[in-house]
Amino acid sequence: MHRISCRLLFCLAAAFGVAAGASADELQVRIGYLAHLPPRGPLLSNVIPEPTDAGRRGAELAITDSNSTGRFLKQQFALQSAESDQADELLAAAERQYQAGIRLFVINAPAETLRQLSERLPDSLLFNAGSADDGLRREQCLGNVLHTLPSRAMLADALAQFLAVRKWTRWLLVTGTTEDDIAYAEALKRAAKRFGHKIVAEKPWSFDNDQRRSAQAEMPLFTQASEYDVVLAADERGDFGEYLPYNTWLPRPVAGTQGLTPTAWHKTVETFGAAQLQKRFEALAGRWMNDRDFAAWMAVRSIATAVTRLRAAEPQAIRNLALSADLPLDGFKGRKLSFRPWNGELRQPIPLVHPRALVSTSPQDGFLHPSNEMDSLGYDRPEVSCDLAGMPL
């Protein structure tokens, strides 16, 4: 009996030693999550607001997913979050994380804040999960930033391909007055030219006619124009676009920021294992996963996949691997995803959805590309003035 007890104690001690050794040898990977969520301003429509935790919840799920396999590889991932509606407060929080030794970041912020963070966080790698700004992918590429959220150009091209397949080639474009609305409209104009569509009329929505009339009453008269096949809305804030469906002068579909919408992710995406990701997210957050959540999830998973391959968490090595062809990523979209070496944007299929159903996914069949069909969405190498793979971190 005594011998058995001694043997048991020896085994427990040995097991404890192995556990302690494993802990000592474990690779600790700390990731900062930074969110700048400025006030959206007053809205005309009673639009359903975006969740205040959009983005962060996706990053948290990715940490959990990464640790579920990381523990077998002696890798431990941790997330440190900071969120503010003031840019200067977020910049200060970012510098505190940097001083604490964090060099890998997921950013959910407007383009200008992202530029400031890129400058304030040298020798760090940032993943943009919050800004769809085209300039960041075309001529203002930041050497230490990769993008997991699709650009407006990618979204517009995905929609234009589908409309070309349906032969809805005559567009009425309705544009809001904010800078984001104008940028979305410019992406749609580029896509129209690229895929052979015609914008028969462009109308800015300012709601400065008769303020006693409701938006629903204004829309039929407002959408009078030459014959069109579809109405395109450029209303990122959700100010007026919700009133367009079923209120147009001609009985036509609505697409763009409302109606049929191109997006990185949506509740109705369920194939290729996506349903399991959706269920895990809903169990964690108690709501649906949206495009910011998916972009943040994809950013953390990109880091974890690279760390597993490299057995290290050095930002320069992760960046170099991500911009090579040696880091295929699984995003539950039916294809292996990868980063474009010229602008650091994640190649990914784009779902086209309405609120309760997935309609299609772009790139559409028949839209070919010399090297990768997903490069038919967004800015291709000849259209970009920067080469991220040749830039320093």
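Look above for the structure.
None of these values were measured; they are calculated from a predicted model.

Reading guide: rules and limits
- Residues numbered from 1 in each chain as written.
- Predicted model: local features only at pLDDT ≥ 70, side-chain atom pairs only at ≥ 80, totals over all residues.
- Heavy atoms only, no water.
- Pairing = 2+ DSSP bridges.
- Helix = DSSP H or I, 4+ residues; strand = E, 2+ residues; numbered from the N terminus.
- Axes fitted to C-alpha atoms, helices over the stretch in contact; angles between N-to-C directions.
- Buried < 20%, exposed > 50% of the residue type's maximum accessible area, 1.4 Å probe, protein only.
- Polar contact = N/O pair within 3.5 Å; in protein donor to acceptor, adjacent residues only side chain to side chain.
- Contact = heavy atoms within 4.5 Å.
- Expected span 1.5 Å × (residues − 1).
- Disulfide = S-S within 2.5 Å.

Asker: Looking at this structure, how should I read the sheet that holds strand β6 (residues 170-175)?
Answerer: Each strand in a sheet pairs with its neighbour through backbone hydrogen bonds, running either in the same direction (parallel) or in the opposite one (antiparallel). An order of β7-β6-β8-β9 is seen for the four strands of this open sheet, with the pairing classed as parallel. The two strands at the open ends of the sheet, each matched to only one other strand, are β7 (198-204) and β9 (254-256). When the angles between neighbouring strand axes are averaged without regard to direction, this sheet yields 30 degrees. The sheet contact formed by β6 and β7 spans six bridges and is parallel. Its bridge partner lying in β7, Leu-173 is registered against Glu-202.

Asker: For this particular structure, what's the right way to read the side chain of Ser-131?
Answerer: Relative to the elements of secondary structure, Ser-131 occurs in the loop between β4 (125-128) and α5 (135-138). Of the residues examined, Ser-131 reaches a relative accessible area of 5% and is grouped as buried. Here Asp-133 takes part through its backbone nitrogen, which lies 3.3 Å from a polar atom of the side chain of Ser-131. When sequence neighbours within four positions are dropped, the list of residues in contact with Ser-131 reads Ala-109, Pro-110, Ala-111, Leu-136, Arg-137 and Leu-149.

Asker: I tried to follow helix α6 (residues 152-165) on my own but got confused; where do I start?
Answerer: Think of an α-helix as turning once every 3.6 residues; residues three or four places apart then point the same way. In this model α6 runs 20 Å from its N-terminal to its C-terminal C-alpha over 14 residues, within 8% of the 20 Å that 1.5 Å per residue would give. Of all 14 residues making up α6, twelve are buried, and the element is well covered by its neighbours.

Asker: Before we go on, may I ask you to explain the state of the cysteines in this structure?
Answerer: By definition, a disulfide is the covalent link that joins the sulfur atoms of two cysteine residues. Enumeration according to the criterion identifies one disulfide in this entry. Covalent S-S linkage joins Cys-141 and Cys-386, the inter-sulfur distance amounting to 2.1 Å. Here Cys-141 is found in the loop between α5 and β5 (145-147), whereas its partner Cys-386 is found in the segment after β15 (357-362), with 245 residues between them in sequence. Note on accessibility: Cys-141 and Cys-386 belong to one class, buried.

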